[in-house]
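Here is how the chains run, residue by residue.
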Amino acid sequence: LQCLFCVVGYRPFVTNFHFINPIAMLRMIPVCCALVAGFSMQQQQQCQDQQNAMAMLQLRGHRAETIACACGVPNDPLCDCDDQQGGGTVGITRTTTGTPTTSEPRTTTTTTTTTTTTTTTTTTTTTTTTTTTTTTTTPAPRTCLAWGDPHFTTFGGQKGNYYGTGDFYLVKSADLEVQGRYEINPKWPKASVMSAFALKGSALGDKTLLFENVAGQATVTWDGATILAEYPSIFNDDVLSAHFDRTISDHMRARNQQGYLFLFPNGITLAVLRFASEYIDLSITLPHSVGPVTGHCGSFTADTDRDGVKHAVAREDSMFATTIQAKASPNLDISDCDEESLTLAREICDGMDTDDHYEACVFDVCITGDTGLAGDELAMEEMAGGWMAYNLVDKDTKVKSGNYLGKVEGLEQFDLTMEITPHSKKEDWQSIVHFTDGPEYKDCCDEGDRVPAVWFFPGTTRLRVRMSRKFRGNDGCDPEEELPLDRKSRVQIRVQYPYLLVFINDKVACVAGNYGVGYKPSNRVAVMMGNSWNDAADVTVHKMVYHKARPLPTGELIGPEPVKLEKGQLLGKFSTLEAFKLSFDIKPTGSLPEEAGILHFTQGLDRNSGQEGDRIPAIWFQADGTKLSVHMSRQGAANDGCDPEEALEVGVLTTVVVELSTNVLKISFNGKEVCRNDQYDARHPAEEEAFVYTADPWHPAALAELSNVLYEASKDMPEGMFIKDPVALTKGTFLGTTRGGKNWEVSFYITPTGAQETLSNIVHFTADPTRNCCENGDRIPAVFFHPRGTRLHVRVGKEGNGNSGCDPRRPLSKNIETKITIRVENDELVVMYGDSRQCKVSFVDAFEPEDLITVYGGDPWHEAALATVRELTYKRL
């Protein structure tokens, strides 16, 4: 009957499209597709996509029968007209000219089909089809940094400075020009600073962006019109998404700066920090599609002609209202500093994550005598690292359908924090916020459609949280509890691989542990506070902030929040070790009549057993119980292992350690050895690329919760010891992780053998393995030698000062061993040489880590100290 109804009753739909009621047409499209045309499942989905597209147009107030891309409407905020070629339909895949923002190159495969027809004397036609596959690699975008005097880190990675004045090309290509203005600031008469920049080109739709900072006042114009005049503010049109806010850095030394972010199509991004209204720091990120480029930012491959006045802008080509004649850069270097100023600058600039920023900071502080520039340098470093925070809502705002907040640069691992007050419940799905990625910007259910999206379930105030991950566009995690009406609640959504976590009022309300392989968003993710496809929730949003989340500590596969095991959950790729220690906390909740998977390390995604490397290791519950079965490949025995006799107790948390060291595989429960296999003389070698599952795809998932999964090198040393025998320090040496405490003691024996020109690291304990300084927890402790000497520089973070510390006055003697003890206890920080106290300071509000801390000796951010170290030990007091 439905088929007949579609064909006969809706004949006008087939013969005369314009006579049909749009709402009726929307309802009949999937029926006609599925029942009349007999479409395949894939075609049904395409029809559903088309229905979604038309529904979107209907919601926006356009006639549904115009089945066309919303880009047909000028300045439609959700559709990037500039991101498509040859038209297309919202909700249906279309070609883009953009380069995805990613740290790795993307590979695209294009297939071309050629048909040749040959006619013979018997009039038989033969068609031969030849398929040629061409693979091209799209390189990752490149970033240029220009800051301070200005200093440069070019697209090609080279370093340089330009201290002259004038208007110069930062970037010049056929599709884009970026001009920068360098002027002398009276505070720093020896070198210039950047005071303005401008850009235009076909890549921007031939519009011009002008940013000028005159007499402490910043003015931003876009195509001649002033934008971002108030703080904070957002501007959006079909080409530009711009933010004036605390958008650049969440670093404690920079979080009060006013930052600007400009997002253009195809991966073009500019980020600005404006320090004290005196100069501009700028980062420019470009895809290779705008190349080849020249200018002070260099090229993507070589930077042979970056310096000099040859990149000066001619008067007739200037984008500024006035022009400044270009002058050559004076010859300034660190030798122009006196010894006293240089020593002061080196001490003040301690805390830079990279040598480049450290050297630039020392130069700036020394040449100008302005110690405040060190803080500016730290903030610039954070900007370069992409530590971003978007204040999307900062005043009470009611949720409305289709309330477009603008575009943001998408983050793989992020925190989305909202303070919201629900006022009533509605019978339908109720949208609160929806992040959706381009170029399609649709509701569901491909990767990128919900990154994330949040609703209330119908008739409730229970949260529905959806977040795309690899291969699953509509995965997520839904808390059980409802939010109270007319009372403010704090909701936090965090993607921290391999987690998706939802917090309500700072308590974990929901955890999904299947985000080991997440979604990589573009730099133009649209944000709506409620979306265009559902009713708006009756909610007031008081605050909404979106920013980068810190990754889990090195080697930590699952953190402290318990994860319920699900079959075939891939945590991601991993490099294994020949000798290792795998520890985890597990709480069984029941048993199954068959083997049930817990953890599985394997050399191939589809490899369960049969060959060496398929189980390195693999761990299950045995059938009908909670006894562990641990299998670990070795040479000549792919499925060897060790099965403890003792079963784990249901409902009780047990710490399990699986360790392979020397020729022994051993398993322990809560520190007690329960199984040993000493047949591992020929161990399986380390795998550069292995895969980790919880639980595996070949068995049902164990009825259990898993937490604190940590994989690290087997040290065959006492707990808390990271170096046993004497070793010469090397830069970037990861020693392992440990449980930190508020009160602790670090001790080691050190023999200095020389001195570095710059600050050099001995050991570094940090709550965040990606950060050097200066948030609380970045240095707990970090121990250095001062430049050109062996005097200790001991830094320990505490509340309000992530780079506090205590430096002994007496340097260590070269080639003589000294025992160093650093202790935080009873609100004091003490540093000792042997039994002699060298330094003591009051230390209230010491940092207490919530998770594992990472240990380096030396760290990745400084040159290693010229010294040998032995018996490095950390213990909680």
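What counts and what doesn't
Residues numbered from 1 in each chain as written. Predicted model: local features only at pLDDT ≥ 70, side-chain atom pairs only at ≥ 80, totals over all residues. Heavy atoms only, no water. Helix = DSSP H or I, 4+ residues; strand = E, 2+ residues; numbered from the N terminus. Buried < 20%, exposed > 50% of the residue type's maximum accessible area, 1.4 Å probe, protein only. Contact = heavy atoms within 4.5 Å. Areas by Shrake-Rupley, 256 points an atom, 1.4 Å probe, with all protein chains shown as cover. Polar contact = N/O pair within 3.5 Å; in protein donor to acceptor, adjacent residues only side chain to side chain. Salt bridge = Lys/Arg side-chain N within 4 Å of Asp/Glu carboxyl O. Pairing = 2+ DSSP bridges. Disulfide = S-S within 2.5 Å. Core = buried A, V, L, I, M, F, W, Y, C linked by side-chain atoms within 4.5 Å. pLDDT = per-residue confidence, 0-100. Phe/Tyr/Trp six-rings, centres within 6.5 Å; stacked < 30°, edge-to-face > 60°. Lys NZ or Arg CZ within 6 Å of the ring centre and 35° of its normal.

**A short note on the overall build of the protein chain**
Working step 1: Scanning the protein chain for helices and strands turns up seven helices and 55 strands.
Working step 2: Counting all 877 residues of the protein chain, 56% fall into the buried class.
Working step 3: Taking as baseline every contact in the protein chain between residues at least 6 positions apart, the subset at least 24 positions apart corresponds to 65%.
Working step 4: Of the accessible surface of the protein chain, which amounts to about 36,500 Å², a share of 46% is contributed by carbon and sulfur atoms.

**Some details on the side chain of aspartate 437**
Working step 1: On the secondary structure map, aspartate 437 appears in strand β21 (residues 430-437).
Working step 2: Reaching out from aspartate 437, the side chain makes a polar contact with the side chain of tyrosine 519 at a distance of 2.5 Å.
Working step 3: Apart from residues lying up to four places away in sequence, aspartate 437 is in contact with Gly448, Val451, Tyr519, Pro521, Ser522, Arg524 and Val525.

**Re unusual backbone geometry**
Peptide bonds are mostly trans, and most non-glycine residues show a negative phi.
Working step 1: In this structure, proline 452 follows valine 451 across a cis peptide bond, with omega equal to 0 degrees.
Working step 2: By the secondary structure assignment, proline 452 is in the loop between β21 and β22 (453-456).
Working step 3: Cis peptide bonds are those with omega within 30 degrees of zero, and the linkage from glycine 857 to glycine 858 qualifies with -10 degrees.
Working step 4: Mapping glycine 858 onto the fold places it in the loop between β53 (852-856) and β54 (863-864).
Working step 5: Residues other than glycine seldom take positive phi values, yet asparagine 670 does so here, at roughly 50 degrees.
Working step 6: Owing to a relative accessible area of 55%, asparagine 670 belongs among the exposed residues under this scheme.
Working step 7: The phi dihedral of glutamate 871 is positive, around 50 degrees, even though this residue is not glycine.
Working step 8: Relative to the helices and strands, glutamate 871 resides in strand β55 (residues 867-876).

**Let's talk about the pattern of salt bridges**
Working step 1: The final tally for this structure, using the stated rule, is 27 salt bridges.
Working step 2: Two residues, aspartate 778 and arginine 771, come together in a salt bridge whose shortest N-O distance is 3.2 Å. The burial state of aspartate 778 is the same as that of arginine 771; both residues are buried.

**Some details on the pairing of strand β51 (residues 828-833)**
Working step 1: Most of β51 is tucked away, with five of its six residues classed as buried.
Working step 2: Bridge count between strand β50 (residues 818-825) and β51: six bridges; the pairing is antiparallel. When the sheet's bridge partners are listed, arginine 823 is paired in β51 with valine 830.
Working step 3: Once β50 ends, the chain turns through two residues before running back antiparallel as β51, passing asparagine 826 with a positive phi of about 55 degrees.
Working step 4: In this sheet, strand β52 (residues 836-842) lies alongside β51 in antiparallel orientation, the contact comprising six bridges. In the strand pairing of β52, leucine 829 is matched with valine 841.
Working step 5: Between β51 and β52, which pair antiparallel and follow one another directly, the connecting turn spans two residues, one of which, glycine 834, has a positive phi of 60 degrees.

**Some points on the pairing of β55**
If a strand is regular, its side chains alternate between the two faces of the sheet.
Working step 1: Pairing geometry for strand β43 (residues 721-723) and β55, over two bridges, is antiparallel. In the sheet register, isoleucine 723 faces β55, and the bridge partner there is leucine 872.
Working step 2: In the sheet, strand β44 (residues 727-728) pairs with β55 via two bridges, with the strands oriented antiparallel. By the bridge assignment for β55, valine 727 is matched with valine 869.

**Some remarks on the state of the cysteines**
Working step 1: Under the defined criterion, the tally for this structure stands at five disulfides.
Working step 2: For cysteine 144, the disulfide goes to cysteine 297, at an S-S distance of 2.1 Å. Across the S-S bond of cysteine 144 and cysteine 297 the torsion is about -75 degrees, and the bridge reads as left-handed. With a gap of 153 residues between them, cysteine 144 in strand β3 (residues 142-147) and cysteine 297 in the loop between β16 (279-286) and α5 (339-348) connect regions that are remote in the sequence.
Working step 3: Note that cysteine 806 is cross-linked by a disulfide to cysteine 839, the S-S spacing being 1.4 Å.

**What about the sheet that holds strand β37 (residues 641-642)?**
Working step 1: In spatial order, the strands read β32-β41-β34-β35-β36-β37; together these six strands make up an open sheet with antiparallel pairing. Each edge of the open sheet is held by one strand with a lone partner, namely β32 (570-574) and β37.
Working step 2: By the bridge criterion, four bridges tie β32 to strand β41 (residues 690-693) in an arrangement that is antiparallel. When the sheet's bridge partners are listed, lysine 573 is paired in β41 with phenylalanine 691.

**A closer look at the nonpolar core**
Side chains that are nonpolar tend, in soluble globular proteins, to be buried together.
Working step 1: Phe435 and Met544 are the most contacted members of the largest nonpolar core, which has 45 residues in total.
Working step 2: The next biggest cluster of nonpolar side chains, apart from the first, holds 42 residues, and it includes Phe574, Ile586, Tyr680 and Val709.

**Side note on the confidence of the model for the protein chain**
Working step 1: Averaged over all residues, the pLDDT of the protein chain equals 77, while 74% of them reach at least 70.
Working step 2: Within the protein chain, the element-level pLDDT minimum falls on helix α2 (residues 11-15), averaging 32, and the maximum on β22, averaging 97.
Working step 3: Scored below 50 in pLDDT, residues 1-28 shows 35 contacts in the model against residues more than four places distant or in partner chains.
Working step 4: In the model, residues 378-387 has pLDDT below 50 throughout and makes 46 contacts with residues more than four positions away in sequence or in other chains.

**Considering the packing of aromatic side chains**
Working step 1: Following the criterion strictly, the structure yields 19 aromatic pairs and no others.
Working step 2: Relative to tyrosine 182, the ring of phenylalanine 152 lies with its centre 6.4 Å away and its plane at 55 degrees, an arrangement referred to as tilted. Taken together, the residues phenylalanine 152 in strand β4 (residues 151-153) and tyrosine 182 in strand β7 (residues 177-185) connect sequence positions 30 residues apart. Just as phenylalanine 152 is buried, tyrosine 182 falls in that class too.
Working step 3: Pairing phenylalanine 197 with phenylalanine 211 gives two aromatic rings, centres 5.2 Å apart and planes at 10 degrees, and the pair type is stacked. Residue phenylalanine 197 is located in strand β8 (residues 188-200), and its partner phenylalanine 211 is located in strand β9 (residues 208-214); the two are separated by 14 residues in the primary sequence. With respect to burial, phenylalanine 197 and phenylalanine 211 carry one shared label: buried.
Working step 4: Over the ring of phenylalanine 320 we find arginine 181, and its NZ or CZ is 4.6 Å from the ring centre.

**Looking at the environment of alanine 549**
Working step 1: Tracing the backbone shows alanine 549 in the loop between β29 (539-548) and β30 (556-558).
Working step 2: For alanine 549 and leucine 411, which are 138 residues apart along the polypeptide, the C-alpha to C-alpha distance reads 8.7 Å.
Working step 3: Setting aside anything within four residues of it in sequence, one finds alanine 549 in contact with Gln413, Phe414, Asp415, Arg494 and Val495.

**Some details on the side chain of arginine 466**
Working step 1: In this fold, arginine 466 is placed in strand β23 (residues 463-466).
Working step 2: There is a polar contact of 3.0 Å between the side chain of arginine 466 and the side chain of aspartate 478.
Working step 3: With residues near it in sequence (within four places) discarded, arginine 466 still touches Arg450, Pro452, Ala453, Trp455, Asn474, Asp475, Gly476, Cys477 and Asp478.

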